[in-house]
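# Examining the three-dimensional arrangement
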Amino acid sequence: MEAQVQSDTVVQDARPEKRDGPLLSIQDLYVWFELRRFGFGHAGYVQAVDGVTFDLPYGGAIGIVGESGCGKTTLMKTILGLNEMRSGEIVFEGQKLSELSGKEMRWYRSQVGFVQQDPYGALPPFMDVKRILEEPLIINGIKDEAERLQRIHKVMDEVKMSPVEDFIDKFP
């Protein structure tokens, strides 16, 4: 079990360790978008993702590659729970995404991330590196500025952006 620190309170994560199966399992995923004629009449569907299946093991990473418009971003947004799937199943640590409550979905989104296909377009040019890395920490409830800065320094060291002071105030 993992402990998360929020302010001065320690909250135990009730999720059991599930190391025997995949961390993330996508089974027969379909995502279609409805086309409308003049905003009212049904005109068909755009089949954005058709029958995607894969398992991501613990400690693993996966790259989704393909031509422009083939559904890479739609797939990732669906895995994050931002797009509605037509059919299929997404399972994270043994739990179906379709069964998660709002609070559990926020926790799930804090655990899953993806790199945009155009990282330069995804990074706001008006924010420095510190603010870009700090924003998701704030959104996920890390209120203590010292803790956020410690995490930012740690991750920058991990990706060899050191000394951190040379990069932290720079813009993309």
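Above this text is the structure in question.
The paragraphs below set out a description of the structure included in this document. (Residues numbered from 1 in each chain as written. Predicted model: local features only at pLDDT ≥ 70, side-chain atom pairs only at ≥ 80, totals over all residues. Heavy atoms only, no water.)

## As for the pairing of strand β3 (residues 24-37)
When a strand is regular, its side chains alternate between the sheet's two faces. Of the strand pairs in this sheet, β3 and strand β4 (residues 41-56) are connected by 12 bridges, and their pairing is antiparallel. Paired with Ile 26 across the strands is Phe 54, a residue of β4. Between β3 and β4, which follow one another and run antiparallel, lie three residues, and Phe 38 among them has a positive phi close to 55 degrees. As judged from the five bridges shared by β3 and strand β5 (residues 87-92), these two strands associate in the antiparallel manner. By the bridge assignment, Gln 27 is partnered in β5 with Glu 89. (Pairing = 2+ DSSP bridges. Helix = DSSP H or I, 4+ residues; strand = E, 2+ residues; numbered from the N terminus.)

## A few points about the sheet that holds β3
Within the open sheet, the four strands sit side by side as β4-β3-β5-β6. Their pairing is antiparallel. The strands lining the two open edges of the sheet, one partner per strand, are β4 and β6 (95-96). Sheet topology note: the β5/β6 ladder contains two bridges and is antiparallel. Looking across to β6, one finds that Val 91 is bridged to Lys 96. Contacting β3, β5 and β6, helix α2 (residues 102-111) runs over the sheet at an angle of about 75 degrees to β5. (Contact = heavy atoms within 4.5 Å. Axes fitted to C-alpha atoms, helices over the stretch in contact; angles between N-to-C directions.)

## Structural notes on the environment of Val 112
As for its placement among the helices and strands, Val 112 is situated in the loop between α2 and α3 (119-122). For Val 112, a relative accessible area of 17% puts it in the buried group. Each C-alpha atom of the pair Val 112 and Phe 92 lies 9.5 Å from the other, and the pair is 20 residues apart in sequence. (Buried < 20%, exposed > 50% of the residue type's maximum accessible area, 1.4 Å probe, protein only.)

## With respect to the side chain of Arg 148
Within the secondary structure, Arg 148 is located in helix α5 (residues 145-158). Here Lys 143 takes part through its backbone oxygen, which lies 3.0 Å from a polar atom of the side chain of Arg 148. Arg 148 has contacts with Glu 134, Leu 137, Ile 138, Ile 142 and Lys 143, leaving out every residue within four places of it along the chain. (Polar contact = N/O pair within 3.5 Å; in protein donor to acceptor, adjacent residues only side chain to side chain.)

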